[in-house]
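What the coordinates show
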4 protein chains.
Amino acid sequence: MDHRATPEQIDRVVDVIEDMGYGAKPMPGRQRTAIGLVGNDGRVESARLEGLEGVREVIKVSKPYKQVSREWREEDSVVTLGNGVVIGGRGVVLMAGPCAVEGREQILDIAAQVRNLGACVLRGGAFKPRTSPYSFQGLGVRGLELLAEARERTGLAIVTEAVEPEGVAAVAEYADMIQIGARNMQNYPLLKRAGRVGKPVLLKRGMSATITELLLAAEYLLSEGNPNVILCERGVRSFDPQTRNVLDLTAIPLVKSLTHLPIVADPSHGTGVRTKVTPMARAAVAAGADGLIVEVHPDPPEALSDGAQSLYPEQFAELVAHCGPIARAIGRNLATLPEPALTGAVKAAVHTTM
Amino acid sequence: MDHRATPEQIDRVVDVIEDMGYGAKPMPGRQRTAIGLVGNDGRVESARLEGLEGVREVIKVSKPYKQVSREWREEDSVVTLGNGVVIGGRGVVLMAGPCAVEGREQILDIAAQVRNLGACVLRGGAFKPRTSPYSFQGLGVRGLELLAEARERTGLAIVTEAVEPEGVAAVAEYADMIQIGARNMQNYPLLKRAGRVGKPVLLKRGMSATITELLLAAEYLLSEGNPNVILCERGVRSFDPQTRNVLDLTAIPLVKSLTHLPIVADPSHGTGVRTKVTPMARAAVAAGADGLIVEVHPDPPEALSDGAQSLYPEQFAELVAHCGPIARAIGRNLATLPEPALTGAVKAAVHTTM
Amino acid sequence: MDHRATPEQIDRVVDVIEDMGYGAKPMPGRQRTAIGLVGNDGRVESARLEGLEGVREVIKVSKPYKQVSREWREEDSVVTLGNGVVIGGRGVVLMAGPCAVEGREQILDIAAQVRNLGACVLRGGAFKPRTSPYSFQGLGVRGLELLAEARERTGLAIVTEAVEPEGVAAVAEYADMIQIGARNMQNYPLLKRAGRVGKPVLLKRGMSATITELLLAAEYLLSEGNPNVILCERGVRSFDPQTRNVLDLTAIPLVKSLTHLPIVADPSHGTGVRTKVTPMARAAVAAGADGLIVEVHPDPPEALSDGAQSLYPEQFAELVAHCGPIARAIGRNLATLPEPALTGAVKAAVHTTM
Amino acid sequence: MDHRATPEQIDRVVDVIEDMGYGAKPMPGRQRTAIGLVGNDGRVESARLEGLEGVREVIKVSKPYKQVSREWREEDSVVTLGNGVVIGGRGVVLMAGPCAVEGREQILDIAAQVRNLGACVLRGGAFKPRTSPYSFQGLGVRGLELLAEARERTGLAIVTEAVEPEGVAAVAEYADMIQIGARNMQNYPLLKRAGRVGKPVLLKRGMSATITELLLAAEYLLSEGNPNVILCERGVRSFDPQTRNVLDLTAIPLVKSLTHLPIVADPSHGTGVRTKVTPMARAAVAAGADGLIVEVHPDPPEALSDGAQSLYPEQFAELVAHCGPIARAIGRNLATLPEPALTGAVKAAVHTTM
């Protein structure tokens, strides 16, 4: 309360809180009176209190999310993908592939390469949200079909982005995990649809989303009945044009203290430039990430999008070589493809000679 | 180019630029060689160049947008709404109303009040994008119907938000202007749909969108054939939790130098707290805004959303009283409802006694 | 407290709070127990509490500053300068002049011009803090002498910057008001010295300082015995390279609600580019600023620093012409030089023919 | 140039550039003409060009710093401290100790502990810059004496902060390395003094300093003749109150590509909370940091400042245990005390039984 608040104004706030169904506990202090709201279940409309006369500030003590919180579920959640790979367990999962699916040869080639180098999941965009309307927007459903073919040949699970509610079903039909991109983190109709479609969801943190907002976006997915949610730190906006985004790795231990959901890091978008990807991939594993999602392209200078941040396959090999010992230094390891997937993959590797 | 770039690397960059259909002009300097790309039409994929060996940085000199730029159209664009009100001309247009349509009595009451106080446009959300899945999400189509009824009674034009591509047609059927909210500024499927539906669009700047990104989002609308776009500054994210958003009023003269499109300001979301709305509304008019969009509620403490930043009607009256002389100080005035709408409005005022 | 906090951990926190001399009030809630600290006098070391086991978060409810707060002093403070001009009253005070004092002719010329156009205070740097060691660093004491000469001839008060503790005395000897620049807002030895020297202080907000930090920096000055402090909003750092700084005008009504100190705005540094200065100057007055500090140079393209944001004298004339009616629209006016100063000034104007 | 710039305006810009002693190379493009400035030696006052008519934007291509750049010196700089420890070589140097020196027993105790656990440098503030004037401000010269005693007993080198120009000499007399804190990164009088005093300097990145500004601040030190500069990433300001600072680890590989100077990370200030320190310390080593500076206190809950982010000695032991294998995973190791220092240290360890 303001220090000039009258006893009547204080009483009015107490009344409103009780009217909302909560307990109110006034604490007169030296400068002013604070009123504690007891029993907050995450549904309090604080704006209603802020609007009352004599109220100076509404300070939130309890968290506005429920099902995603550690209070709701103490132990870590693990998400199992279609090929048996587990995210959120002891193994650090590598997801790799091009920014966009550009054609059959490109995607089958890179899928085989990243699989042989240690990836368990293939990334690749079929629908691309682009800042400019004049940029390449993806191959659409044809891209999804090519991803499915790559899965058959390699045993990799597929993660690819859905960009609108109507498109979720199609993506879910082909993909093992639906990606919600940073620009769509607060696209609620999209989140609701993704929450109902029965496939794991990789939810990227918005460009300037707070951790609380990220967790509330995840709450949209869980509240629709989908517990298989993986968070992704991909860099936040900052003031220095030289670093474009700041990969906020502190978010990893922070998120792990607040939620039971797994979290992975995207050092490609998080840095925007190839030479910074491997150092930040190493750092993310060291900070405790449950996985990495990395852009790798067979020929980055020819990439139709994000070429500057895509690794050459041999750079990805080096990344894997560095990250293994780092994972082991903190009691983890790099996840590997389960046996059946592996067997399929070996066969695929033989056939990907095109 | 990097200072260690070899002549071969420089030649390779020149080749790629020419291969892309542009001119290349190398300029050897003291520290390193710069290569100018001549003839950029806004379609250059800079990532392709960034990926080449020896390239240190790609610096953009020309703008990535076209139709929204002052170069494309020298004179100011003006947008005329259904009730004849013009945005982007000499008159500063006041848009006012509640955050959300909550019921028939509420919306008809506030519509009559803001109309009598000087507003030309009624705002009010029927579909609400809310950070938490547990918050009030709007009345939906019923809300649109009530807005249309308010228009009939008052002569006000209606602006309300569309939150997903499928919903655009319904909103366009009822509204005079479709709002794209800050969270959806880069929701491209939504922008494309809104660009094709034939109604003016109010495009809000994203929470941490640069001016370039805002203009590129507007380019999506224009490139679909819709020239009737109004930009809206509504505050950007900053580091000080005490001010929540920072209403970036410098964006107003800046946008006016870069584009021919009108721009309005939203001091309600821009500040988040009632006592700051009127000072910032005045400041926005003084900075050259073509209009204001303000939250006004008949009874803010009972509002279902955004109560803390909604003005009481008498506070809106004061805002109008302040903004008129400020508009005149810079050679403008406050827009008024054109005659026919006015006549209808007077009748409506008589009937809104409910 | 964490939701897993044991009763022993809760008791320990209560003990520590009481040991620190405050009251402790535990409030068991649905998710977890909150403990209110009662009687905070602004000296609580919250870090000590954050370090205790079972503590999840320390949330500050009372303000950490004292003498600068509205609670400490209800009515507005006003600061009277050497020439009788009052900052913080009804009159909006214009301060104008070049970024740096460059020579005798330049400073006497521009002083006479801005005085005749309506300024009451002359700004001009003698000591310049420059980002690069290779930039012009100011004329030093010679610059102070020239400022004093300009004061004698025009009746303007002088504001100029002190950049190190040892330099404060010299600046105080010549200037009517000591400026603490944005980079030095948290230079505590400098603040302490400025707080003891007996001249009013113009304290600029740091590049990314929160309002709380700005007020705590002012508290350093007041706690040394100097009540004559004027705050200055000069733009904060943001993510958009196109706007350089964001002039945070919401800070003006916000600061006025938290403190009794006057606040002025610097639209020159706040925007960094000449064409944006006048719109933002108007906006600052409309938002309630007690004054403006503006860079004006007789020949901006030849300025040794900040040429791009310096107004031509005729642009400053236009700024004054716009700001007068805006001030009157909100019940204020532009401050004028008191009679004696005015008389001196007229004489000076006659002699400034050099 | 603006697209409406006249040929005369273009010629004028060319003249000014040539007048400044550089070459000018106009490049007419599709939208507008760009003019390249050739021969930039880092001393160009771009503001002078920005002020010319018809100029739209001045875009910097070459870097404004010189001696700190990789162009100036290709190979990595290494800095050797008084006890023979080398920063910037293969060994990752651990610096540890309390936020502030609080008393003899405290500092001797913790010095012995961190030394035995693997630190090579003791940190500890004697002069503390505090946001509030009412917080503990350090023991001053007495603190320096205690640090010197701790060095004698342990063989550790000492790093401690200087907060004002006059204090540099005293700090340099006792310390092996002078720390310039984040708030003082642009305190130029302090930098100049520190550049002349002949001791290595640890320069912390400012709260919202760009990498370019950090390197320009370092340039102040080098241009005064001090080549022994170590940069320090300590977290930058962000929009999420939950993470306080964002430890910008991408800065590490970025800085290493731009400058030859070593860079270390401060995960204590970078995160502000104890449980995040060890994960981020690991991440910093994985990202390629040349060292860590970590707050460790014998009894954090009793610390006079920064208790919440100070590690317990056993937590520091765990940090060391994790960081060793991570350093080795990328071809480095943890630095150890050279023999003579070690011998002294062993003796000291015997005597620190107090």
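As the structure is a prediction and not an experimental result, all values here were calculated from the model. (Residues numbered from 1 in each chain as written. Chains lettered and ligands numbered in written order. Predicted model: local features only at pLDDT ≥ 70, side-chain atom pairs only at ≥ 80, totals over all residues. Heavy atoms only, no water.)

Quick word on the packing of aromatic side chains
Enumeration according to the criterion identifies four aromatic pairs over all chains in this entry. Taking 4.4 Å as the distance between ring centres and 20° as the angle between the ring planes, the aromatic pair formed by A:Y188 and A:Y220 counts as stacked. With A:Y188 in helix α6 (residues 188–196) and A:Y220 in helix α7 (residues 211–223), this pair connects stretches of sequence that are 32 residues apart. Residue A:Y188 is classed as buried on the basis of its relative accessible area, which comes to 4%. Seen from the ring of A:Y134, B:K66 lies directly overhead, with NZ or CZ sitting 4.8 Å from the centre. (Phe/Tyr/Trp six-rings, centres within 6.5 Å; stacked < 30°, edge-to-face > 60°. Helix = DSSP H or I, 4+ residues; strand = E, 2+ residues; numbered from the N terminus. Buried < 20%, exposed > 50% of the residue type's maximum accessible area, 1.4 Å probe, protein only. Lys NZ or Arg CZ within 6 Å of the ring centre and 35° of its normal.)

A word on the interface of chain C and chain D
Contact with chain C, which involves 51 residues of that partner, is made by 51 residues of chain D. Interface area, chain C with chain D, both sides summed: about 4200 Å², of which 46% is carbon and sulfur. The interface formed by chain C and chain D holds four salt bridges in total. The shortest N-O distance in the salt bridge between D:R193 and C:E166 comes to 2.9 Å. The tally of links from chain C across to chain D stands at 19 residue pairs in polar contact (both at pLDDT 80 or more). Of all the secondary-structure elements, those providing two or more residues to the side of chain C that touches chain D are α2 (46–50), α6 (188–196) and α7 (211–223) of chain C. Looking at the side of chain C that touches chain D, the element that brings in the most residues is α7(C), giving five residues. When grouped by side-chain class, the residues that make up the side of chain C that touches chain D number 18 nonpolar, 14 polar and 19 charged. (Contact = heavy atoms within 4.5 Å. Buried area = accessible area lost by both parts, 1.4 Å probe. Salt bridge = Lys/Arg side-chain N within 4 Å of Asp/Glu carboxyl O. Polar contact = N/O pair within 3.5 Å; in protein donor to acceptor, adjacent residues only side chain to side chain. Nonpolar A, V, L, I, M, F, W, Y, C, P; charged D, E, K, R; others polar.)

Describing the relation of the copies chain C and chain D
If you rotate chain C by 180° and push it 0.0 Å along the axis, it lands on chain D with an RMSD of 0.0 Å. With respect to symmetry, the two chain copies, as superposed, fit the operation of a two-fold axis. In terms of C-alpha distance to the rotation axis, chain C has C:S208 as its closest residue, with the C-alpha 3.1 Å off the axis. Both copies share a contact surface, since 100% of the interface residues of chain C are interface residues in chain D too. (Least-squares fit on C-alpha atoms with pLDDT ≥ 70 in both.)

Examining the interface of chain B and chain A
Contact residues are listed per partner, giving 51 residues for chain B and 51 residues for chain A. At the boundary of chain B with chain A, total buried surface from both sides reaches about 4200 Å², with 47% on carbon and sulfur atoms. On inspection of chain B and its partner chain A, the count reaches four salt bridges. Remark: the boundary between chain B and chain A carries 20 residue pairs in polar contact (both at pLDDT 80 or more).

Some points on the confidence of the model for chain A
Averaged over all residues, the pLDDT of chain A is 89; the fraction at 70 or higher stands at 92%. Scoring of the predicted complex yields 0.87 for pTM and 0.86 for ipTM. (pLDDT = per-residue confidence, 0-100.)

So, the packing of helix α8 (residues 251–258) of chain A against helix α10 (residues 274–287) of chain D
Direction vectors running N to C along α8(A) and α10(D) enclose 140°, while the axes themselves pass 9 Å from each other. One finds that α8(A) runs oblique with respect to α10(D). Relative to α10(D), α8(A) is oriented so that their crossing is right-handed. Note on element contacts: α10(D) touches α8(A) through D:K276, D:P279 and D:M280, opposite A:P253, A:L254 and A:S257. Residues that form the contact of α8(A) with α10(D) fall into these classes: four nonpolar, one polar and one charged. (Axes fitted to C-alpha atoms, helices over the stretch in contact; angles between N-to-C directions. Parallel < 35°, antiparallel > 145°, perpendicular 65-115°, else oblique. Left-handed = near helix turned anticlockwise from the far one by under 90°.)

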